[in-house]
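Structural overview
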Amino acid sequence: EKWWVKHRDWLQESGYTLRRRYQADWTPSWKPGDLWLKFEDGLPVTRIMDGTRTADGLHVAMKKISDSATPHEVEVYQRLTSEPLSSDPRNRTAPLLDILQVPDEPGERLLVMPLLRPLDNPEFETFGEAISFFTQIFEAIQLMHEHHIAHRDCTYQNIMLDPSGMFPVPFHPQEINCRRDWKGKLRPFTRTQRPTRYFLIDFGLSRVYLPKEGVIPLDFPTRGGDKTVPEHDNESERCDPFPVDVYYLGNLIRERFIGKYHGFEFLYPLVTDMVAVDPFKRPTMDEVVFCFKKIRESLSTWKLRSRLVRRKDWAIVSLYKSVGHWYRRMGYIVTRTPAIPDA
C-alpha cells in the first residue's frame, strides 16, 4: 500500500483517483477498540488496486506489471484490443483503458481496465445463463487460437464478469457484495434480466506463436492458476500450449459447474475429451465450439430455464430458492425473455 500512496499524486495527474484510505488527509474512521475491517476505509488493497477515472467517474482496476517479469503481456494485450481482433464479436478481452509508465521506475507500467467481478458472483441461476457463459468463453479462446495466441492461464481467476448492466448500484472493490457507499448489501439483477459479458484478463503468460507449416509450437510449461495440467508434470519438457488452454476450460467446467451443480450430464462427453491426459486426444477449440453448438441446440427451453441446484444444498434451502426462481421464471415466460441471455 505504501507504493500506491507514494504514487498517489502522479496517478491523480494521470487522471485516476484512489479511495479515501490513500489520500493525504486521511484519518481512520474507526475508534480505538473497533474492528477496522468493518469500516469502508479499513479495507486494504489486495493484488490489484482500484481507483476512479476522474474524467467520467468510471471505476477502474490498476495492475502493476514489470517488463522483465512478463515481457510479452503488453504486446499480447494490445494485439487483442486492436484491429482486426477488437471488432470481432467473439472477442472477450477486458478493455484496455490506459497504459501508464511509472515515473523513475524503468520497465514498470500500470495497465488500467474497468473494475470487474469474479465470473460466478453473483451465482448463475439457470442452465441458460451457464450456456451463455460457455459460449462466450469458448469463442473467445477460439478467436485467440485462430490468431496464434495461447492464453496459457485461462483459468477461473482470469475470467471475469462485466458488472455494468447487472448492478444498478456500484459495488465496493474490496468487499464486492457490499455497496460502494457502504450502505448495505447489493441487490443485483440476474443474468437473464440483464445479459452480461465475460472478459479474459491477465496475459502475463500469454504468447503469440507464429505458425510454421507442419511444425507444432512447443514451449516450456508455465504453471498458471490450475496446477492439474498433465503435461506440466515435467517442467523441463516442452509442450504444445494450445491444448493446455483446452484443458483449462474443460477443467473449469468440470470443477465449477459439473462438480458443483446437478444436471450437467449433457456436457460429460465434451468435457471428458477436453481434459484428456493425452493432449493429442483433446479437441481443438474449433472442434470444441462445433460440438458445443450442437449441444446447445439440443437443449429444450424447459431445461435452459431450469434452476441450477447445488449438490450440497439442503432440501429446505433448495425449496426456498425454488420459490423465488419460479416467480422470476414465470415473469420471463410472460415477457418472452430469452432463456439464453446472450450479450
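Our subject in this report is the structure included herewith. Predicted model, so just to flag it, every value in this text is computed and none were measured.

Thoughts on the packing of helix α4 (residues 127-146) against helix α7 (residues 285-298)
Put simply, α4 and α7 touch, their axes get as near as 9 Å, and they point 155° apart. Between α4 and α7, the angle falls in the class roughly antiparallel. The chirality of how α4 crosses α7 is left-handed. Every residue of α7 that contacts α4 at Ile 131, Phe 134, Thr 135, Phe 138, Glu 139, Ile 141, Gln 142, His 145 and Glu 146 is listed here: Met 285, Asp 286, Val 288, Val 289, Phe 292 and Arg 296. For the contact of α4 with α7, the residue count by class is eight nonpolar, three polar and four charged.

Remarks on the pairing of strand β5 (residues 108-114)
Counting buried residues along β5, six of its seven residues qualify, which places the element largely inside the surrounding structure. Two strands pair when backbone bridges link them, and strand β3 (residues 59-66) and β5 are joined in this way by seven bridges, in the antiparallel orientation. Counted as the bridge partner of Ile 65 is Arg 109 from β5. Sheet topology places strand β4 (residues 98-101) next to β5; four bridges connect them, and they run antiparallel. The residue of β5 that forms the bridge with Ile 99 is Leu 111. The turn joining β4 and β5, which pair antiparallel and follow one another in sequence, is formed by six residues; a positive phi near 65° is taken by Asp 104.

Digging into unusual backbone geometry
For the bond running from Glu 83 to Pro 84, omega is 5°, close enough to zero to count as cis. With respect to the helices, strands and loops of the structure, Pro 84 is situated in the loop between α3 (73-80) and β4. Here Asn 121 and Pro 122 are connected by a cis peptide whose omega angle stands at 5°. Structurally, Pro 122 can be placed in the loop between β6 (117-118) and α4. If you check the backbone angles, Arg 336 has positive phi at about 60° while not being a glycine. Relative to the assigned elements, Arg 336 resides in the segment after α9 (315-335). Here Arg 336 falls in the exposed class, since its relative accessible area comes to 75%.

A look at the sheet that holds β3
Here we have five strands laid out as an open sheet, ordered β1-β2-β3-β5-β4, and antiparallel in their pairing. The open sheet has two edge strands, β1 (16-17) and β4, and neither has a second partner. Relative to β5, α3 is tilted by about 30°, and along the sheet it contacts β3, β4 and β5.

A short note on the pairing of strand β2 (residues 49-53)
In this sheet, β2 lies alongside β1 in antiparallel orientation, the contact comprising two bridges. Across the sheet, Thr 17 pairs through a bridge with Thr 52, a residue of β2. Relative to β3, β2 runs antiparallel, the two sharing four bridges. Residue pairing for β3: Thr 52 is matched across the bridge by His 59. In textbook terms, the turn of a hairpin is the stretch between consecutive antiparallel strands, and for β2 and β3 this stretch comprises five residues, one of which, Gly 57, has a positive phi near 80°.

Considerations on the pattern of salt bridges
Enumeration according to the criterion identifies 20 salt bridges in this entry. For Glu 40, the salt bridge goes to Arg 19, with nearest N and O atoms at 3.7 Å. Of the two residues, Glu 40 sits in the loop between β1 and β2 while Arg 19 sits in the loop between β1 and β2, which places them 21 residues apart along the sequence. Taking the relative accessible area as the measure of exposure, Glu 40 reaches 15% and is therefore buried.

Section: the sheet that holds strand β9 (residues 198-200)
The strands making up a sheet associate through hydrogen bonds between their backbones, and the pairing can be parallel or antiparallel. Read across the open sheet, the three strands follow the order β6-β8-β9; overall the sheet is antiparallel. The open sheet is flanked by β6 and β9, the only strands paired with a single partner. Bridging between β6 and strand β8 (residues 159-161) involves two bridges; their strand directions are antiparallel. In the sheet register, Pro 118 faces β8, and the bridge partner there is Met 160.

Some details on the state of the cysteines
What the rule picks out here adds up to zero disulfides. Left without a disulfide partner, Cys 154 is nearest to the cysteine sulfur of Cys 239, which lies 13 Å away. Cys 154 supplies the cysteine sulfur nearest to Cys 291, a cysteine that is in no disulfide, at a spacing of 18 Å. For Cys 291, a relative accessible area of 34% gives the class partly exposed.

Criteria and cut-off values
Residues numbered from 1 in each chain as written. Predicted model: local features only at pLDDT ≥ 70, side-chain atom pairs only at ≥ 80, totals over all residues. Heavy atoms only, no water. Axes fitted to C-alpha atoms, helices over the stretch in contact; angles between N-to-C directions. Helix = DSSP H or I, 4+ residues; strand = E, 2+ residues; numbered from the N terminus. Parallel < 35°, antiparallel > 145°, perpendicular 65-115°, else oblique. Left-handed = near helix turned anticlockwise from the far one by under 90°. Contact = heavy atoms within 4.5 Å. Nonpolar A, V, L, I, M, F, W, Y, C, P; charged D, E, K, R; others polar. Buried < 20%, exposed > 50% of the residue type's maximum accessible area, 1.4 Å probe, protein only. Pairing = 2+ DSSP bridges. Salt bridge = Lys/Arg side-chain N within 4 Å of Asp/Glu carboxyl O. Disulfide = S-S within 2.5 Å.

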